[in-house]
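# Chains, contacts and geometry: an overview
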Amino acid sequence: MTSRLVVLVSGNGTNMDAVASACASGVLDADVVCVVSNHPAVGAIDRAERHGIPVEVVPAGGRTRAMYDGVLAHIIESYEPDLVVLAGWMRIVTRSFVTRFPVINIHPALPGAFPGLEAIDRAFDAWQAGEINTSGVMVHWVPDEGVDDGPVVAMREVPFQSDDSRESFEARIHETEHTLLVEAIGLALTELGVNA
Ligand code: GAR
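The structure contained in this document is the topic of the report that follows.

Procedures and definitions
Residues numbered from 1 in each chain as written. Predicted model: local features only at pLDDT ≥ 70, side-chain atom pairs only at ≥ 80, totals over all residues. Heavy atoms only, no water. Helix = DSSP H or I, 4+ residues; strand = E, 2+ residues; numbered from the N terminus. Contact = heavy atoms within 4.5 Å. Salt bridge = Lys/Arg side-chain N within 4 Å of Asp/Glu carboxyl O. Buried < 20%, exposed > 50% of the residue type's maximum accessible area, 1.4 Å probe, protein only. Near = heavy atom within 4 Å. Polar contact = N/O pair within 3.5 Å; in protein donor to acceptor, adjacent residues only side chain to side chain. Areas by Shrake-Rupley, 256 points an atom, 1.4 Å probe, with all protein chains shown as cover. 1 Å grid on protein atoms, 1.4 Å probe; cavity = no way out; pocket = protein on both sides within 12 Å on 5 of 7 lines; lining within 4 Å. Sits in = over half its atoms within 2 Å of the grid points. Nonpolar A, V, L, I, M, F, W, Y, C, P; charged D, E, K, R; others polar. Axes fitted to C-alpha atoms, helices over the stretch in contact; angles between N-to-C directions. Parallel < 35°, antiparallel > 145°, perpendicular 65-115°, else oblique. Left-handed = near helix turned anticlockwise from the far one by under 90°. Points joined across faces, edges and corners; volume = space filled by probe spheres on them. Pairing = 2+ DSSP bridges.

It is worth spelling out the environment of Ala22 at this point. Along the chain, Ala22 turns up in helix H1 (residues 14-24). Residues Ala22 and Val182, spaced 160 residues apart in sequence, show a C-alpha to C-alpha distance of 7.0 Å. Leave out the neighbours within four places in its chain, and Ala22 touches Val27, Leu28 and Val182.

What follows is the structure, encoded as structure tokens:
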């Protein structure tokens, strides 16, 4: 049975795009049944519309985190997802939200390194300061309200290259994300006992 994915976005949506393309080409036996954005004017919305995917825009609008996640969960539930994918979702989700669906998150750093915002920039700065030689990408389960933390579904190292610029490193990170996220969704659906 084709799996149902709901993808949550806050920005460009290139990861969501990669997932939607993998579904369209049959690499994943899954459909992105809805894209949810917390911002009304982001590139991810145009990308979702180009794929013909329904979009729900749910701005915070001064709600508390608990109230917001209640509204969000209610909308998502109506799409009956097998898996919720945070793909550049720049909000912490509440514990009660993650008890309602299996949730995974992609983060542009290795487990335990550079959680939170601007992870790519912070990794690049650490490399320039001689502190690290490699960074990477991970996809993890979201078991609680932690930030970019949880059991790893898949990860891949992205080593620095001697002639790297911030831009070349960032491009390799994003390229890695787009393949790793598709693989990780397949692994997560298998772990959940849903066909992928
Ligand atoms: C991606 O690099 C993703 O890993 C990151 O936001 C970007 C979204 O790009 N997520 C985090 O930093 C989570 N803490 P996209 O909108 O083009 O997919």
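What follows deals with the pattern of salt bridges. Going through the model one piece at a time under the given rule, you end up with seven salt bridges. The closest approach of N and O atoms between Arg156 and Glu183, which form a salt bridge, is 2.8 Å. One end of the pair, Arg156, is in strand S7 (residues 152-159); the other, Glu183, is in helix H6 (residues 166-192), with 27 residues separating them in the sequence. For Arg156, a relative accessible area of 33% puts it in the partly exposed group. In this structure, the salt-bridge partner of Asp164 is Arg172, at a minimum N-O distance of 2.7 Å. Taking relative accessible area as the criterion, Asp164 reaches 8% and is therefore assigned buried. Take Arg172: its relative accessible area is 19%, and that puts it in the buried class. Linked through salt bridges whose partners overlap, the residues forming this network are Asp121, Asp125 and Arg166.

With respect to spatial proximity, 14 residues lie near the ligand, and among them Gly13, Thr14, Asn15, Asp148 and Glu177 are the closest. Side-chain polar atom of His107 to a nitrogen atom of the ligand: 3.1 Å apart, as the coordinates give it. Contacts to the ligand include Glu177, whose side-chain N or O atom sits 2.3 Å from an oxygen atom. Contact with the protein chains removes 90% of the 450 Å² of surface that the ligand exposes when unbound. When atom positions are compared with the pocket grids, the ligand is found to occupy the largest pocket. Counting only elements with at least two residues in the shell around the ligand, the list comes to H1, strand S5 (103-107) and H6. Here the shell around the ligand is built from residues that sort into three nonpolar, nine polar and two charged.

The subject of this paragraph is the packing of H1 against H6. Describing two packed helices takes the angle between their axes plus the distance from one axis to the other. At a minimum axis separation of 9 Å, H1 and H6 run at an interaxial angle of 55°. In terms of their interaxial angle, H1 and H6 are classed as oblique. With respect to the hand of their crossing, H1 and H6 are arranged in right-handed fashion. Every residue of H6 that contacts H1 at Thr14, Asn15, Ala18, Val19 and Ala22 is listed here: Glu177, His178, Leu181, Val182 and Ile185. Counted by class, the contact of H1 with H6 contains six nonpolar, three polar and one charged residues.

A volume near 810 Å³ is recorded for the largest pocket. What lines the largest pocket is a set of 35 residues, among which Gly88, Trp89, Met90, Ile106 and Pro108 lie closest to the centre. Within the residue set of the lining of the largest pocket, elements represented by two or more residues are H1, S5, helix H5 (119-128) and H6.

As a further point, take the sheet that holds strand S4 (residues 83-86). The strand order across the open sheet built from seven strands is S3-S2-S1-S4-S5-S6-S7, with neighbouring strands paired in mixed fashion. Here the strands that pair on one side only, and so sit at the sheet edges, are strand S3 (55-57) and S7. In this sheet, adjacent strand axes meet at a mean angle of 20° when their direction is disregarded. Taken strand by strand, H1 contacts strand S1 (3-9), strand S2 (30-37) and S5, and its axis lies near 155° from that of S2. Along the sheet face, helix H3 (residues 65-77) touches S1, S2, S3 and S4 and points at about 150° away from the line of S1.

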